[in-house]
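Breakdown of the fold
What follows is each chain in one-letter form.
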Amino acid sequence: MGTKKDYYEILGVLKTASEDEMKKAYRKLALKYHPDRNPGNKDAEERFKLINEAYAVLSDKEKRQQYDTYGMSGFQQRYSEEDIFRGFNVGDLFKDLGFGGGDIFSTIFGRQGTRGSRQRPQYNDFGDYITREQQPTTDLDLNYELEIPFMDAIRGAEKRITFAAQWGTEEVNVKIPKGINTGKKLRLQGKGNKDPHTGRMGDLYITIKVGEHPVFRRSGNDLYVTQKIRVTDAMLGTTIEVPSVDGSKQVKIPPGAKKVRLKGLGVPDLKGGKGDQYVEVEIEIPKRLTDRQKTLLEELQREGM
């Protein structure tokens, strides 16, 4: 889909615009830039495509919420052009505007209608790979499950895999984007099976499975690590050495703290930010006490502690 400016700007509406306000803005722009009114005008055609894409996203509650949450870059990683226009009833909209819809949409977007069609090539910051949540849509598509080490999911990596296609086995390099998590899919365009009648190639969908780590636990883009400290350190406060994905850190544990946040030491996200790391404090209770320790604790007990 390439880089585009904000969908709200394309329609000329505020982010708080109601459905009726967006529909009114869309109708006005669609009338102005419709190819029937601008024959041979490529600039108007491109504008018309952007207007329809913007309205297809913002008129759908779920897609609009995703767009508002992740922004243009993050949204494009989750939705292909086919996903954007799925459920977008172009024919009725253009009929309502006094134009024919199907032929124009087929001509401009390279297909008839929006369902059961094949999306055009999509690219992102990871090369030819597009992270997707959806299942493959054709019999020509292949599936592959790739398990990667925990730290490769944090830092990104490149893996070479061997998979079985209809003509035999094939090897391909796969770029693993930073911050990917279990269940995410990477799409390698044109690496699926071939239709013997049309020559059309399917895609290879790689489902990622991230291995566990002996120290870190992941929740979204945040990392968690548990550190044991002594009872006295928990009461008086202390400084301890804590592992992080960037190396060991000296962390101050305030008195009585159960959790300490290390800002920006978590997992990278699609918008260029990073999650946080949390140090969960676990108080270590000694199983045996010396006579001196027992005496001191008894004195503290008498003092009301």
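Position numbers for residues count from 1 along each chain, tracking the sequence in the order it is written. Confidence filtering applies because this is a predicted model: local features only for residues at pLDDT of at least 70, side-chain atom pairs given and counted only at 80 or more, and all residues used for totals across whole chains, interfaces and linings. Side-chain descriptors were evaluated using all non-hydrogen atoms of the structure, hydrogens and water having been removed beforehand.

1. A closer look at the pattern of salt bridges
Between Lys or Arg on one side and Asp or Glu on the other, a salt bridge is scored when a side-chain nitrogen of the former is within 4 Å of a carboxyl oxygen of the latter. Scanning the entire structure with this criterion turns up ten salt bridges. Residue K49 is joined to E46 by a salt bridge in which the shortest nitrogen-to-oxygen separation is 3.3 Å. Here K49 and its partner E46 are both found in helix 3 (residues 42-58), three residues apart, which amounts to about one turn of the helix. The rule is simple: take the accessible area with a 1.4 Å probe, protein chains only, and divide by the maximum for that residue type; under 20% is buried, over 50% is exposed, in between is partly exposed. Relative accessible area serves as the criterion here: at 14%, K49 is assigned to the buried category. Between D246 and K274 there is a salt bridge, and its shortest N-O distance comes to 3.9 Å. Numbering of helices and strands runs from the N terminus, with a helix taken as a DSSP run of H or I at least four residues long and a strand as a DSSP run of E at least two residues long.

2. What to know about the nonpolar core
Here, the term nonpolar core denotes a set of buried Ala, Val, Leu, Ile, Met, Phe, Trp, Tyr and Cys residues that are joined through side-chain atoms within 4.5 Å. Formed by 36 residues in total, the largest nonpolar core has its most connected members in I148, I161, V174, I176, I206 and I208. Only heavy atoms enter the contact rule, under which two residues are in contact if any of them lie within 4.5 Å. For I161, the residues in contact, after removing those within four places along its chain, are Y144, L146, E170, E171, V172, V174, L204 and I206. One finds Y8, A25, V57 and M72 within the second-largest nonpolar core, a separate group that totals 26 residues.

3. Quick look at the confidence of the model for the chain
Scored by pLDDT, the chain has a mean of 81; 81% of the residues are at 70 or more. A low-confidence stretch, residues 100-104 stays under pLDDT 50, and its non-local contacts, those more than four residues away or across chains, total eleven contacts. Contacts for the low-pLDDT stretch residues 110-137, under 50 throughout, to residues beyond four places or in other chains number 81 contacts. The pLDDT value expresses, per residue, how confident the predictor is, ranging between 0 and 100.

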